[in-house]
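Close look at the chain arrangement
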Amino acid sequence: MLVAIKVHAVIQECILDKINRCLQLSKPEQSKFNESGQLALFYLFSFIWGASILNAEEFPMNLTSFWKDYPFSRMLFQEKLFYICQIAYWLHALPELYFQRVQKEDIPRQLCYICLYITHISGAYILNLQHLGLFLVVPHYLVEFIFHALRLFYFPDENMQKGFIIWALLFIMVRLLTLTLSVLTFGFGLARAENPGFSIADGNFNILPVRIGCLGAVCLTQTWMMWKFVNFQLKKWREHVKDQIPEKKPANPKKKRTKKEPGKANFANGTAKTEDGASPRTRKSKPV
């Protein structure tokens, strides 16, 4: 955890602060830029590390490896170190909310996803579901890295929005992948395992309440993420439509002056007057 804090400080001082001085962003934009900069590097590093472990273990080649021979008697050193580093990083993110002086309106949002990471990663490690957890977290980290990398390029140039379409498609695909593998593992694989039971000493938690609790937690989290995603897309769509509608020009308050008809005189006190107020001369009648 102390190593994570030190690395976090080095990245902030040596990279992000220098870029902030060049871009001259506002305080809210600086806060989001620092958040995306830190998370983008962490997600990229974790994705490469997790993908190398998956490649060494060949988990994607055989989906039954997620529940076959459960509880797993051995864990690779790299796999255990990966989980320890993940838990340490997200635990260190809690005090960083204070040290980074995050704005008050951003604290609930960041605190929410930090707690979700700690709960899910710790749960997969404690319940001996490290194979499934590793396979699900790697594509998730890839999608999150793409999002935060795009957001880093968005702050200097707001016209760079096309990449978010690719991120949106990958986000939906990863949510579906997570739900599918969770249902297969908890609903079918572990339910038909050869040694169901509960034993803390053996690391066996294959009982119905635990399976239902794990599956419910995953489904609720994915549903919440999709709900946030849909609301975010609808908000962006409304802003886009609002920008496309041209603003109506205000009506001219000055009324057009009406031309007075020629030949018509003004009458006052029974006598006709011209526009300048002088009464016209009367014609003399000719004698017959």
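Residues numbered from 1 in each chain as written. Predicted model: local features only at pLDDT ≥ 70, side-chain atom pairs only at ≥ 80, totals over all residues. Heavy atoms only, no water.

**Observations regarding the side chain of serine 182**
How we decide: Helix numbers and strand numbers start at the N terminus; a helix is a DSSP run of H or I with at least 4 residues, a strand a run of E with at least 2. Think of it in three bands: with a 1.4 Å probe and only protein chains considered, a residue is buried below 20% of the maximum accessible area for its type, exposed above 50%, and partly exposed in between. Here, two residues are considered to be in contact whenever any of their heavy atoms come within 4.5 Å of each other.
You can see serine 182 is positioned in helix α6 (residues 163–189). According to the relative accessible area criterion, serine 182 is buried, its value standing at 1%. Not counting residues up to four positions away in its chain, the partners in contact with serine 182 are Leu136, Gly187, Leu215 and Val218.

**Regarding a nonpolar patch on the surface**
To be explicit about the condition: Two joining distances apply to patches: 9 Å for like charges and 5 Å for nonpolar side chains (Val, Leu, Ile, Met, Phe, Trp, Tyr), and every residue must have over 30% relative accessible area and no salt bridge. Throughout, the Shrake-Rupley method with a 1.4 Å probe supplies accessible areas, and for residues the shown protein chains are the sole cover considered. Only one rule defines a salt bridge in this text: a Lys or Arg side-chain nitrogen within 4 Å of an Asp or Glu carboxyl oxygen.
On the surface, a nonpolar cluster with roughly 460 Å² of combined accessible area is contributed by Val230, Leu234, Trp237, Val241 and Ile245. Relative to the helices and strands, valine 241 resides in helix α7 (residues 208–244). We classify valine 241 as partly exposed; its relative accessible area is 31%.

**Quick look at the packing of aromatic side chains**
Heads up, the condition is: Two rings from Phe, Tyr or Trp (for Trp, the six-membered ring) form a pair when their centres are within 6.5 Å of each other. A pair whose planes differ by under 30 degrees is stacked, one over 60 is edge-to-face, and the rest are tilted.
What the rule picks out here adds up to 26 aromatic pairs. On the numbers, 5.8 Å between centres and 50 degrees between planes, the contact of phenylalanine 42 with tyrosine 43 is tilted. In this pair, the class of phenylalanine 42 matches that of tyrosine 43, namely buried. The interplanar angle of 85 degrees and the centroid separation of 6.2 Å between the aromatic rings of tyrosine 154 and phenylalanine 164 together place this pair among those described as edge-to-face.

**Let's talk about the nonpolar core**
The condition that has to hold: Only buried residues count toward a nonpolar core, which is a set of Ala, Val, Leu, Ile, Met, Phe, Trp, Tyr and Cys residues joined through side-chain atoms within 4.5 Å.
Residues Trp90, Leu134 and Tyr141 are the most contacted members of the largest nonpolar core, which totals 38 residues. Those elements giving two or more residues to this core turn out to be α2 (27–57), α3 (77–99), α4 (107–126), α5 (130–154) and α6. Counting nine residues, the second-largest nonpolar core is a separate cluster that includes Trp167, Ala168, Val174 and Met225.

**Quick look at the packing of α2 against α5**
What counts is decided by this rule: Here, axes are lines fitted to C-alpha atoms. For helices the fit covers the stretch in contact, and angles between N-to-C directions go from 0 to 180 degrees. Two helices cross in a left-handed way if the nearer one is turned anticlockwise from the farther one by less than a right angle. They cross in a right-handed way if the turn is clockwise.
Between α2 and α5, the least distance of the axes is 8 Å, while the angle of their chain directions is 145 degrees. For the pair α2 and α5, the sense of crossing is left-handed.

**Description of the pattern of salt bridges**
On inspection of all chains with the given rule, the structure shows two salt bridges. Between glutamate 35 and arginine 109 there is a salt bridge; the shortest N-O distance is 3.0 Å. Of this pair, glutamate 35 sits in helix α2 while arginine 109 is found in helix α4, placing the two residues 74 residues apart along the sequence. Between arginine 151 and glutamate 35 there is a salt bridge; the shortest N-O distance is 3.5 Å. With arginine 151 in helix α5 and glutamate 35 in helix α2, this pair connects stretches of sequence that are 116 residues apart.

**As for unusual backbone geometry**
In this model, tyrosine 70 is joined to proline 71 through a cis peptide bond whose omega is 0 degrees. Turning to its location among the elements, proline 71 is positioned in the loop between α2 and α3. Of note, aspartate 69 is a non-glycine position whose phi angle comes to about 60 degrees, a positive value. Relative to the helices and strands, aspartate 69 resides in the loop between α2 and α3. Here aspartate 69 falls in the exposed class, since its relative accessible area comes to 60%. The residue asparagine 128 is not glycine, and still its phi comes out positive at about 65 degrees. In this structure, asparagine 128 sits in the loop between α4 and α5.

**Focus: α4**
Where we set the bar: The span one expects for a helix is its residue count, reduced by one, times 1.5 Å. Directions drawn from the helix axis to the C-beta atoms are what define this arc.
Helix length check: α4 (20 residues) gives 28 Å between terminal C-alpha atoms against 28 Å at 1.5 Å per residue, within 8%. Along α4, the residues classified as buried are Gln110, Tyr113, Ile114, Tyr117, Ile118, Ile121, Ser122 and Ala124. Along the long axis of α4, the arc covered by the buried residues comes to 160 degrees, so they all point the same way. For α4, the exposed residues set more than 90 degrees away from the buried face come down to Pro108, Thr119 and Ile126. On its buried side, α4 packs onto α2, α3 and α5. Downstream of α4 by a residue or two, asparagine 128 has a phi angle that is positive, lying close to 65 degrees.

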